[in-house]
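# Remarks on the overall topology
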Amino acid sequence: MNDELPSELHDRLEALRRQHRELDVEIEDHVARGLPDQLFVQRLKRRKLQLKDEITRVEAQILPDIIA
């Protein structure tokens, strides 16, 4: 179980979401320049997926599944 308080989880979630959006912009900017470095873009996308997974984990801690 995670020892973070709800407010800390919400802060962490917002920070992760912000990083995810920033990576989106960075990827778009890099591709828009033309002939992007595919390896670099791939690394950015991989990091973005890792952030999405972390966002999902934090959201699950905030709103755990309720088995009825």
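Residues numbered from 1 in each chain as written. Predicted model: local features only at pLDDT ≥ 70, side-chain atom pairs only at ≥ 80, totals over all residues. Heavy atoms only, no water.

## Remarks on the packing of helix α1 (residues 6-32) against helix α2 (residues 38-62)
Cut-off, in case you're wondering: Whenever a helix is involved, its axis is fitted only over the stretch in contact; in every case the axis is a line through C-alpha atoms, and angles between N-to-C directions fall within 0 to 180 degrees. Numbering of helices and strands runs from the N terminus; a helix is a DSSP stretch of H or I covering at least four residues, while a strand is a stretch of E covering at least two. For classification, angles of less than 35 degrees are called roughly parallel, those exceeding 145 degrees roughly antiparallel, those between 65 and 115 degrees roughly perpendicular, and all remaining angles oblique. Crossing handedness is read from the near helix: turned anticlockwise from the far helix by less than a right angle, it gives a left-handed crossing, and turned clockwise, a right-handed one. The nonpolar class holds Ala, Val, Leu, Ile, Met, Phe, Trp, Tyr, Cys and Pro. Asp, Glu, Lys and Arg form the charged class, and all remaining residues, Gly among them, are polar.
At a minimum axis distance of 9 Å, the contact between α1 and α2 shows a crossing angle of 160°. In terms of orientation, α1 and α2 fall into the roughly antiparallel class. Relative to α2, α1 is oriented so that their crossing is left-handed. Looking at the contact of α1 with α2 residue by residue, the class counts come to 13 nonpolar, five polar and 10 charged.

## Brief notes about the nonpolar core
Worth spelling out the cut-off: As used here, the term nonpolar core means buried Ala, Val, Leu, Ile, Met, Phe, Trp, Tyr and Cys residues forming a set that is joined through side-chain atoms within 4.5 Å. Accessibility here uses a 1.4 Å probe with only protein chains present; expressed as a share of the type maximum, an area under 20% marks a residue as buried, one over 50% as exposed, and anything in between as partly exposed. Any pair of residues with heavy atoms lying within 4.5 Å of one another is described as a contacting pair.
Within the largest apolar cluster, 10 residues are counted, these being L9, L13, L16, L23, I27, V41, L44, L51, I55 and V58. At the level of secondary structure, the elements contributing two or more residues to this core comprise α1 and α2. Residues contacting V58, with those up to four places away along its chain left out, are L9, R12, L13 and L16.

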